[in-house]
Structures are given as structure tokens and as C-alpha cells.
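Examination of the molecular architecture
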Amino acid sequence: MGQPVRDYLLTLCVTAAVTYLLTGPVRKFAIAVGAMPAIRARDVHREPTPRLGGIAMFGGLCAGLIVADHLYNLKSVFELSNEPRALLSGAALIWLIGVLDDKFEIDALIKLGGQMIAAAVMVIQGLTILWLPIPGVGTVALTQWQGTLLTVALVVITINAVNFVDGLDGLAAGMVCIASAAFFLYAYRLWMGYGIEAAAPATLFAAILMGMCLGFLPHNMHPARIFMGDSGSMLIGLVLAAGAISITGQVDPDLMKLFEGSEREATHALLPVFIPLVLPLTIIAIPAADLVLAIVRRTWNGQSPFAADRGHLHHRLLEIGHSHSRAVLIMYFWSALIAFGAVGYSVHSASSWIVFVIIAASAVGLILLLMPRFTPRAPHWANRFVPPRYRRHAAEQASSPSYEEKPALVASGAQQGSADAQMGEEAAERAPVAVGVSGVNGATAIGARSRFPDRRSVDSSR
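In this text the structure is predicted, and so the values were computed from the model without any measurement.

Let's shift gears to the overall build of the protein. When you go through the protein residue by residue, the secondary structure sums to 17 helices and 2 strands. A buried classification covers 46% of the 462 residues belonging to the protein. Once local pairs closer than 6 in sequence are excluded, the contacts in the protein between residues at least 24 apart make up 75%. Total accessible area computed for the protein in this model is approximately 22,900 Å², and 66% of it derives from carbon and sulfur atoms.

Laid out in C-alpha cells, this is it:
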């Protein structure tokens, strides 16, 4: 089989393009059907924003699978394995549940039951964990019930972890994209480096997942024009879990010849086997830590552990002075550090320089956390290369003094502007937002000339 890098790249690009092109019409559809809930007290965004972005992401998933089925280097994945069909069946079910939740806000127990049923559908079609690598023991075969329970648990945990981290514009999609990129590198190396064909489905799932996230991110970055909703967060969580299950439970570690040599060499060689179990933790680690801290905080304050508040990690980043985009980038940094650090350590586990690089990168991340007031400025000549929302207007450039003439005034004005912006954000959070007002979220679809006017107050129920 030839090198399938180009086929994977084509699949990724088609998935991203279809997701990107579908998101605009899906946004208008979400506004038309009223899938635009009122702002809650704990929400970060200040304007009503439509959901149902998962519809476009599911369309990208289907397009990626169809294209891969017709490519020379990837069609064998569909011929030799039933895992792509299992993924599509489970994804369709979890996506349908998410769409209903985005529109009607169904009960949490019903969603949990739907997640378990979607995982069971994949298990029935063969996407399940068959064995586990145990340090010092080797490969341990699981019974049918053990494999089913472990598979369902992994799917449910991953889905809810992704759903839990979806608290800022572009946060969940970006973190899942980073984790899937690291997962793709690992799975591709396992397939082409060790010649294990069973790793091909997981590699395909990772490429498609990257395309889904990359196609949706331009619409979801701050200020977001549409949210993925539960239809999107549960979908990408299931795809991420499916890749981990495929490469962990279907690939036999004995094929990698890792248990030869001394005990120390076997221990180092075993690291690539456990990477599929570690990489989903790059998504789960941050929200899991946030969840534990939330339970401790609410219990300490005499509240219910399930009471909603504004004490989550992304809320903390905003409170100490970080902007919305900067808080998201900080979360991206830590996700990339964990994901690519784990993959790099699995490749060069005997090299100590990997550990020093991770420590140095962690120090850089801590420094970034301690500088919330630092705001980098793009030079004037780069104005044409940045997105329109981040460009300096001509009137602003003409009215502001140059750096050569008044550098001290520029520095003091930047600090004053940052303080005024923070005060404005706090005031805006306390101010009521009316739906149906022109200019909401920069969208003409719900402005004064909207074909779907909605003049109900924020507190009205949908």
C-alpha cells in the first residue's frame, strides 16, 4: 500500500470545507427554528447566539467518510473493517439526541441514556475493546461484558468531558482539534512504522475529526456567530472516543514486539501502547480538574455540588484580566503541551531532553498566566493580513498619536484602554440584552431587517 498522506490530507480538507460551508445555512436555520436560548447568569457571552452547529459538523463527518471510501489508499479501511460503519451509526444517534437537546433542552438522564445506547450500537457492530495491555503482565483478554462496559464507560466519560469544557468561544473545538492532531501522528506512526493495518481506522477517524473542528472554528471563534451545542460537543466527543477504542482495543500489542529484551527495555517500549489511553485525557484532564475544584468550592460554600456558578477555570481566567481570546489560547497551550508531550515521550522515552522541553514549556505557560495585562499589538503594515474584526480602523489610526511622537502617551493609553475595556465588559454582563435588536452578534439574520424577527425578552422560555 502506498503512502496515504495525500489521501488523508484530501479527506481532512473535504471534511473541513463541507463543515465550513454548511455552518452558515445551519446558523440561519437555527435562528428560524428558535434554537437560540436566553442568556443564563453563568454564561460568558453577552448576546443570544444560535446553536445547532453540530448539524454542519455531522455533514462534514459524512462527507469525509464518503470521500475516504472512494480513495485508493483508504478504501481498504471500509473493506477490511466494520468500524467506520459502527462510528457512523453511533454518531448519527448521538447527533440526533444533541439536536433535540439544543432545541428542546431534554432531561440530563435522557441524554445519558442516549449516550449509553450510542456506545452500545458501536459495540454491537464491532467497535469495542477486546484486550488491555497491563504493565508487567502483558496483553489481557477481556470478556464480552467487560469489553462492553469499559467501552461504554470510555465513550460516556469522553462525551461529557468535551461537553463540560465547551464554555468559551472556540474552546472545545480547538482543544479537540489539538488532541486529534496528536492522536493522528501517533496512529499514523503505529500503522506505517509498525505495519499494523488495524490502526488505519483510528488514523482515519483522527483526520476526519480534525477536519470537523477546523471547518467549524472560523464561525465559532470569539465573538462566536454560532455554537456547536450538544449536537456538536457530544458528536466530536464520540468520534474522539471511537478512535481511542479502535487503536487500544483492536490493535494487538504483541504485533509491535514490545515484550522482548530486558525488563527496563520492555517498560520503555510499552509506552506507545498506553498513549491511546492517555491522549483522551488531554481533553478530560482540564475539565476533570475543573470539576473536582467546582465540587470542593460549592461544598465548602454550603451549596449543592450540582449548583451552577461562575467559578470555572475559564471564568477565573477572565476575572484575573485575561481577554476572551487570550483565555482560550492559554487553554490551547496546555492541551497541546499534554498531547504532543505524551506523543513525543512515547517516541523518545529514553531521552531526558523531552522532559526538560516539557518543563520549559510549562514554565512559559505559567508566565503567560501571570501576565493578563499584556496585549500584543500588530504593526500597521499587517492590517491587511488579519481578519476584519481585528483590524484597526482608519479613523482610530489617524486619531491616535504615533509611537515615534508620544511613546509614553501610547503606553499609558493602552493601559487605560485595557482598564476601560474590562469595566465595559463587567457593565455589559450586568446589562440586559434584547433579542431582535439590530446588530446582535454582528449578524444581519436577526437584525432589524430579519426575515425571522424575535422580540421576546431574554427571560422568556423557548
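With that out of the way, let us pick up unusual backbone geometry. Omega for the peptide link from H222 to P223 comes to -5°, which places this bond in the cis form. Positive phi, close to 65°, is recorded for L52, a residue that is not glycine. Classification of L52 by relative accessible area gives buried; the value is 2%. Backbone geometry at E105 places phi at a positive 55°, although glycine is not the residue there. In this fold, E105 is placed in the loop between α4 (83-104) and α5 (108-124).

This part is about the environment of S325. Here S325 lies in helix α14 (residues 324-347). With a relative accessible area of 26%, S325 lands in the partly exposed category. Here the alpha-carbon distance between S325 and L171, two residues 154 residues apart in the chain, equals 9.4 Å.

In terms of nonpolar packing, the biggest core is built from 87 residues, with L61, L204 and L238 touching the most fellow members. By residue number, the principal contributor to this core is helix α7 (residues 171-194), which donates 16 residues. Those residues in contact with L204 that sit more than four places away from it in its chain are Y8, T11, L65, A68, L74, V77 and F78.

Now for a nonpolar patch on the surface. Nonpolar side chains collect at one region of the surface, where L96, L100 and F104 lie side by side and expose about 300 Å² of accessible area between them. Mapped onto the secondary structure, L96 falls in helix α4. Judged by its relative accessible area of 45%, L96 falls in the partly exposed class.

Applying the stated criterion to the full structure yields 6 aromatic pairs. Seen from their ring centres, Y8 and F184 are 5.4 Å apart, and the 80° between their planes marks the pair as edge-to-face. A residue pair is termed long-range when its members are at least 10 positions apart, and Y8 in helix α1 (residues 5-33) and F184 in helix α7 qualify at 176 residues. Measuring from centroid to centroid gives 5.5 Å for F333 and W334, while their planes differ by 80°, and the two rings are edge-to-face. By way of ring pairs, the aromatic residues Y8, F184, Y188 and W191 are connected into one cluster.

Turning our eyes to something else, we now look at the packing of α4 against α5. Two elements in contact, α4 and α5, have axes separated by 8 Å at closest approach and are oriented at 170°. The angle between the axes of α4 and α5 places the two elements in the roughly antiparallel class. Viewed along their axes, α4 and α5 form a crossing whose handedness is right-handed. Only K111, G114, Q115, I117, A118, V121 and M122 of α5 make contact with α4, whose side of the interface consists of A86, L87, S89, G90, L93, I94, I97 and D101. Considered class by class, the residues forming the contact of α4 with α5 number 9 nonpolar, 4 polar and 2 charged.

Rules used throughout
- Residues numbered from 1 in each chain as written.
- Predicted model: local features only at pLDDT ≥ 70, side-chain atom pairs only at ≥ 80, totals over all residues.
- Heavy atoms only, no water.
- Helix = DSSP H or I, 4+ residues; strand = E, 2+ residues; numbered from the N terminus.
- Buried < 20%, exposed > 50% of the residue type's maximum accessible area, 1.4 Å probe, protein only.
- Contact = heavy atoms within 4.5 Å.
- Areas by Shrake-Rupley, 256 points an atom, 1.4 Å probe, with all protein chains shown as cover.
- Core = buried A, V, L, I, M, F, W, Y, C linked by side-chain atoms within 4.5 Å.
- Patch = residues over 30% accessible without salt bridge, like charges linked within 9 Å, V, L, I, M, F, W, Y side chains within 5 Å.
- Salt bridge = Lys/Arg side-chain N within 4 Å of Asp/Glu carboxyl O.
- Phe/Tyr/Trp six-rings, centres within 6.5 Å; stacked < 30°, edge-to-face > 60°.
- Axes fitted to C-alpha atoms, helices over the stretch in contact; angles between N-to-C directions.
- Parallel < 35°, antiparallel > 145°, perpendicular 65-115°, else oblique.
- Left-handed = near helix turned anticlockwise from the far one by under 90°.
- Nonpolar A, V, L, I, M, F, W, Y, C, P; charged D, E, K, R; others polar.

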